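Structural features, examined
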Amino acid sequence: AIAYRKPIAAAVARGAAAAAEGARQIKDLVMGDAVVKPFLKKHSKALWSAVGLLALDAVLWNAGSHLLGLFLDAARAAALAGTGFSMTTLGPLALGVAAIFIVSLFTARANVLLTGLVKNRLVRDLRVALNRKVLRQDMAFHLANESGALATRISDDTESLAEKNVDARLPLVNAVLFFAISSVMMVHTSWSLSMLVFAVMPFIGVVNGWFGSKFEQVYQEFTKRRADLGRTAQETLEQSQTVKVFHREEAEVARYAKKAQALVDVGEKDAKLGANSHMFASSLTDFFTKHSLYILGAWAVALASGMTIGQIAAMTFYSGFIKASFDSISGAWMKYKQTSGATGVIRGWFDLKPGVDDAPDAKVLPPVAGDITLEGVGFQYGKEGQPILNGVTLDIKSGQTVAFVGESGSGKSTVLRLVQRLWDPTAGSVKVDGVDIRTVTQESLNRQIALVPQDTRLFDESIRFNMLFGSSGVSQAELDAAIKAARAEFVNDARLFPEGLDTKVGEGGARLSGGQRQRVAIVRAILKKPAILLLDEATSALDKETEAQVQAALDDLTSGRAGRKPTTLVVAHNLTTIMNSDRIVVMDRGAVVEVGTHAELLAKGGKYFALWQAQGR
Ligand SMILES: Nc1ncnc2c1ncn2[C@@H]1O[C@H](COP(=O)(O)OP(=O)(O)OP(=O)(O)O)[C@@H](O)[C@H]1O
Ligand SMILES: [Mg+2]
């Protein structure tokens, strides 16, 4: 007797859990997403109007059906009495039906327009909000999420989120009302025939529940593969030059085709599910609600049970409405499950907080002199990463130029990233003018820092746009002066750039040479009048002649000839470019191993000396 109690108890517990989960999901469908609420608030007038129209629609159609039944019976009575079509009895009924039909045409039209309008605007707002959210995330987030996949999710998954909150929810109003009103009308017309219709409802419910969970899984997979497809396309297109040079066009197309096929594979699963759910949930119940109702109704009429043909006709309408409302509710449920699957990832993003963020009590960093202090800085990328920096301690005075040298991977660029607070150190602190940079707003810190990276990527906008990026209120005279100081006069060469500063630079700046791009970056840095200047191998991608030009511009910048004299941290492989620095920091596997001037370090005969010799000096 004990043996079967356990499985029964387990089954009951499972059933209760499933019921609770089902109730949660129904609530989720009806209430919509908390993250979307603020966006829908703006459209509450339009939404409530749509709700009102949907309610009106349900009332109108049921009233029309009732009138039709009365019309039929009146017509039959007229036939039996031999009075023919009488305008006084039949006319008002016919006119009533026609009027209701015409009004319902307009309510339906208005409703479609309103819903479409709200949805389009909602999609726009969600896209903008998500774009902002994603751009605000820290480097760790961007390292973990490829830009192509992010772009696809921002443009496509937001549409699913709008569907989940508008298209899946609004028809419920209509369906529930239709169901309620038609049920009352039907039971009122014939209690016994109504039971037949109601008997098939639980069956549809179970079937829909089963299909719904399948749809959700399929859609999760679908959006994942769609994002992957977007990522692959973007990656290949961005590197079109590499693809060409290595003659990998067909191979890349094949890689894309494989991902496109992967999307089709889930698409087919979705289509199959759709076909099956239609067959079971829709077509089969059609038979039970319409055809069998007619047969049983005819039987009831033949038995002279008191039922009239008009009532049977009205019953068919009511059961049709009930059936349609059930279809509509299951459609909403399927859409809910599909869009739940499709939006799981981006719904999570709305609550994301960047790991590197302004502290709640962050202060504005006032204009600084530019002292930089690193105190026992330790760092690693990500939680599981290798330690990249170990106890780096440095004291850099305002206006000094400090060079970082060392083997590739020793952590030089990482130090610059920590000074810009792209990442936070895992141990120790970075201070500017004695203030821990974690305690100030990122905006006020970054406004005072300029970076010239090794390889500048530009926006596909005008040269002017790229030069002014990050500065505001720059006059033409200031811009011209900066262009001169940066040796960037090439922009004035009308043969090269007929449109001058208004020339669009192509994706990433592809229409400019490497040296030209670097000088655009230097103009950008000069205009920012930074207190702190970071140069990360700014000339290493250039040929000797261009390097000399760019280096001269950089020397002007660091020495203060092009404006204020910033504190400069410079990373360089070519040691001749940094031999005049105030101090040289030699790094090895994340630690500072030597610090001194060029002469001091050569005299020491250590690591720097070895590097110097390796460069054939
Ligand atoms: N985003 C990242 N995630 C994980 N590891 C990283 C990341 N960026 C850099 N690293 C690792 O950190 C170490 C230091 O990198 P860093 O770019 O600071 O070196 P570097 O001294 O500037 O080298 P190079 O002279 O080649 O530019 C390297 O081993 C690198 O693999
Ligand atoms: Mg580097």
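Residues numbered from 1 in each chain as written. Chains lettered and ligands numbered in written order. Predicted model: local features only at pLDDT ≥ 70, side-chain atom pairs only at ≥ 80, totals over all residues. Heavy atoms only, no water.

Points about the packing of aromatic side chains
Threshold: Here the aromatic set is Phe, Tyr and Trp, taking the six-membered ring for Trp, and pairing holds for ring centres within 6.5 Å; pairs whose planes are under 30 degrees apart are stacked, those over 60 apart are edge-to-face, and all others are tilted. The secondary structure listing takes helices from DSSP runs of H or I that are at least 4 residues long and strands from runs of E that are at least 2 residues long, numbered from the N terminus. Three exposure classes are used, based on accessible area relative to the maximum for each residue type with a 1.4 Å probe and protein chains only: buried under 20%, partly exposed in between, and exposed over 50%.
Counted by the stated rule, this structure contains 18 aromatic pairs. With a centroid separation of 4.9 Å and an interplanar angle of 90 degrees, the aromatic rings of Tyr381 and Trp423 are classed as edge-to-face. In this pair, Tyr381 is assigned in the loop between β1 (372–380) and β2 (387–396) and Trp423 in the loop between α13 (412–419) and β4 (427–432), connecting sequence segments 42 residues apart. Among the residues examined, Trp423 registers a relative accessible area of 11% and is labelled buried. Ring geometry for Phe465 and Phe469: centres 6.0 Å apart, planes at 50 degrees, overall tilted. Judged by relative accessible area, Phe465 falls into the partly exposed class, the value being 37%.

Section: the pattern of salt bridges
Applied cut-off: Any carboxyl oxygen of Asp or Glu within 4 Å of a side-chain nitrogen of Lys or Arg constitutes a salt bridge here.
The full count for this structure, using the stated rule, is 35 salt bridges. With its nearest N and O atoms 3.6 Å apart, the salt bridge here joins Arg226 to Asp156. Placement of Arg226 in helix α9 (residues 201–238) and of Asp156 in helix α6 (residues 147–167) is noted, with a sequence separation of 70 residues between them. Residue classification places Arg226 among the buried positions, given a relative accessible area of 18%. A relative accessible area of 25% means that Asp156 is categorised as partly exposed. The structure contains a network of salt bridges with shared partners spanning Glu146, Asp228, Arg231, Glu235, Glu252, Arg255 and Lys259.

Thoughts on the site of ligand 1
Operational definition: If even one non-hydrogen atom of a residue comes within 4 Å of a molecule or strand, that residue is called near it. A 3.5 Å cut-off defines polar contacts: any pair of N or O atoms within that distance qualifies, except that in protein one atom must be a possible hydrogen donor and the other a possible acceptor, and neighbouring residues in sequence count only when both atoms are side-chain atoms. Values of accessible area rely on a 1.4 Å probe in the Shrake-Rupley scheme; residue burial ignores everything except the protein chains shown. For this scheme, ten residues count as nonpolar: Ala, Val, Leu, Ile, Met, Phe, Trp, Tyr, Cys and Pro. Four count as charged, namely Asp, Glu, Lys and Arg, and the remainder, Gly too, count as polar.
The full set close to ligand 1 counts 14 residues, and Ser408, Gly409, Lys412, Ser413 and Thr414 are the nearest of them. Contacts to ligand 1 include Lys412, whose side-chain N or O atom sits 2.8 Å from an oxygen atom. With the chains in place, 66% of the 630 Å² that ligand 1 exposes on its own is no longer accessible. Ranked by the residues each element gives to the shell around ligand 1, the list is headed by α13, at four residues. In terms of residue class, the shell around ligand 1 is made up of three nonpolar, seven polar and four charged.

Considerations on a negative patch on the surface
The following threshold applies: Residues with no salt bridge and a relative accessible area higher than 30% make up the patches, which join like charges within 9 Å and nonpolar side chains (Val, Leu, Ile, Met, Phe, Trp, Tyr) within 5 Å. Charge counting treats Lys and Arg as positive and Asp and Glu as negative, with His and both chain ends excluded. We put the charge of a Lys on NZ, of an Arg on CZ, of an Asp on CG and of a Glu on CD.
On the surface, Glu238, Asp460, Glu461 and Glu507 cluster together into a patch of negative charge. Checked against the element boundaries, Glu461 lands in the loop between β6 (449–452) and α15 (463–468).

Comments concerning the sheet that holds strand β5 (residues 435–436)
What counts here: Pairs of strands are assigned from DSSP output, requiring at least two bridges between the strands. Two residues qualify as a contact provided that any one of their heavy atoms is within 4.5 Å of a heavy atom in the partner residue. To define axes, lines are fitted to C-alpha atoms, for helices over the stretch in contact only, and angles between the resulting N-to-C directions are given on a 0 to 180 degree scale.
The four strands lie next to each other as β2-β1-β4-β5, forming an open sheet whose pairing is antiparallel. Lying at the two open borders of the sheet, with one neighbouring strand each, are β2 and β5. Where β1 meets β4, five bridges bridge the pair, whose relative direction is antiparallel. The partner of Leu374 across the bridge, within β4, is Val430. Its contacts with the sheet place α13 against β1, β2 and β4, and it is angled at close to 115 degrees to β1.

What about the sheet that holds strand β10 (residues 591–596)?
Taken together, the six strands give an open sheet; going across it, the order is β6-β7-β8-β3-β9-β10, and neighbouring strands pair in mixed fashion. Each edge of the sheet is formed by a strand with only one pairing partner; in this case those strands are β6 and β10. Going from strand to strand, the sheet's axes swing by 20 degrees on average, the running direction of each strand aside. Relative to strand β9 (residues 583–588), strand β3 (residues 401–406) runs parallel, the two being bridged by five bridges. Across the sheet, the residue bridging to Gly406 is Met587, located in β9.

With respect to the domain arrangement of the protein chain
Rules: Segmentation of the chain into domains, including their bounds, is taken from an automatic or database domain assignment.
Domain annotation for the protein chain reports domain 1 (16–349) and domain 2 (372–614). The distance between the C-alpha centroids of domain 1 and domain 2 comes to 56 Å.

Focus: the side chain of Asn466
Residue position: Asn466 is located in helix α15. Assessed through its relative accessible area of 0%, Asn466 is described here as buried. Ignoring anything within four residues of it in the chain, the contact list for Asn466 reads Leu458, Phe459, Glu461, Val505, Val520 and Arg524.

Overview of the pairing of β2
Two elements, β1 and β2, share six bridges in a ladder whose sense is antiparallel. Its bridge partner lying in β2, Leu374 is registered against Leu394. In sequence, β1 turns back onto β2 through a hairpin of six residues, with Gly382 there showing a positive phi of about 75 degrees.

Some words on the nonpolar core
Heads up, the condition is: What makes a nonpolar core is a set of buried Ala, Val, Leu, Ile, Met, Phe, Trp, Tyr and Cys residues whose side-chain atoms join them at distances within 4.5 Å.
Met467, Ile522, Val523, Ile578 and Tyr608 are the most contacted members of the largest nonpolar core, which totals 44 residues. Here the element with the most residues in this core is helix α17 (residues 514–527); it accounts for seven residues. Counting residues in each nonpolar core, the second largest holds 30 residues, with Val377, Ile449, Leu569 and Val585 among its members.

Notes on unusual backbone geometry
Positive phi values are uncommon outside glycine, yet Arg487 reaches one of about 55 degrees. Looking at the element boundaries, Arg487 is found in the loop between α16 (476–485) and α17. Phi angles above zero are rare outside glycine, and Glu537 is one such case at about 50 degrees. Here Glu537 shows up in the loop between β7 (532–536) and α18 (544–559). Overall, Glu537 belongs to the buried group, its relative accessible area being 9%.

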